[in-house]
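Each chain, written out:
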Amino acid sequence: MKEIRILDKKFREFITEKEIHERIEELARQMNTDLAGKDVVFLGILNGAFLFAADLFRLIDLEVRISFVKLASYEGTSSSGSIKELIGWNEDIKNKTIVVIEDIVDTGITLDRIVDELVIRKASEIKVAALLYKPASYTKDIPVDYVGFEIPNDFVVGYGLDYNGYGRNLPSVYTLIE
Ligand code: IMP
């Protein structure tokens, strides 16, 4: 198994490039059936989902749009500390089926924040696609409709996911070994 080093950490290859692409083809086939006839906007969550969104989107065989938003941290004035704001909206999502594209769903806090915003903006239907999903750490009850791979509660990098900003360009997914 391939091992790599990023900064001070070592990682082992965990999901190969081929496995990722085969799984994305399956997800796209399922979406092409499920979403046919709907007014759909894919909503990619930056930065991590950019590769997954691109590879998935080019296999979607429907009239569909794509847009990206980003969660920006800023220091809140309240004692609760850092609050995340979703920035970059340039698409009217009212009355549309929104497919949220996430790199990974871990605790689900990010997803929950995004879904709140989609409800405020009056999306008619919300679907969630995540390349990776860590069921053991998920704390929310929003269904993740399209899951690439369920993975254990370990830190992973590659295929869009980073460790301190590095590793996003790796074509496969690696898991932390030390
Ligand atoms: P959540 O809000 O806890 O679900 O986490 C979502 C975000 O945390 C993801 O979009 C990632 O940016 C980051 N994240 C969670 N787990 C990992 C991991 O194992 N590797 C890299 N980033 C992760």
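Conventions and cut-offs
- Residues numbered from 1 in each chain as written.
- Predicted model: local features only at pLDDT ≥ 70, side-chain atom pairs only at ≥ 80, totals over all residues.
- Heavy atoms only, no water.
- Helix = DSSP H or I, 4+ residues; strand = E, 2+ residues; numbered from the N terminus.
- Buried < 20%, exposed > 50% of the residue type's maximum accessible area, 1.4 Å probe, protein only.
- Contact = heavy atoms within 4.5 Å.
- Salt bridge = Lys/Arg side-chain N within 4 Å of Asp/Glu carboxyl O.
- Expected span 1.5 Å × (residues − 1).
- Arc of directions from axis to C-beta.

Within the fold, Ala 123 resides in the loop between α3 (109-120) and β7 (125-133). Residue Ala 123 is classed as buried on the basis of its relative accessible area of 17%. A sequence separation of 38 residues divides Ala 123 from Glu 85, and the C-alpha atoms of the two residues are 18 Å apart. Other than its neighbours up to four places away in sequence, Ala 123 contacts Ile 93, Asn 95, Lys 96, Ile 98 and Leu 118.

Let's shift gears to the pattern of salt bridges. All chains considered together, the criterion is met by 13 salt bridges. With its nearest N and O atoms 3.1 Å apart, the salt bridge here joins Arg 65 to Glu 91. Residue Arg 65 is located in strand β4 (residues 64-75), and its partner Glu 91 is located in the loop between β5 (82-87) and β6 (97-105); the two are separated by 26 residues in the primary sequence. Assessed through its relative accessible area of 41%, Arg 65 is described here as partly exposed. Here Glu 91 falls in the buried class, since its relative accessible area comes to 18%.

Right, let's talk about helix α1 (residues 17-34) for a bit. Residue pairs spaced three or four apart in an α-helix point in one direction, given the helix's 3.6 residues per turn. For α1, with 18 residues, the first-to-last C-alpha span of 26 Å sits near the 26 Å given by 1.5 Å per residue. What α1 keeps buried is the set Ile 20, Ile 24, Leu 27, Ala 28, Met 31 and Asn 32. The buried residues of α1 occupy an angular sector of 140° when the element is viewed end-on, so they sit on one face. Residues Lys 18, Arg 29 and Thr 33 are exposed on α1 and point more than 90 degrees away from its buried face.

Read these as layout, nothing more, since geometry by itself doesn't imply function.
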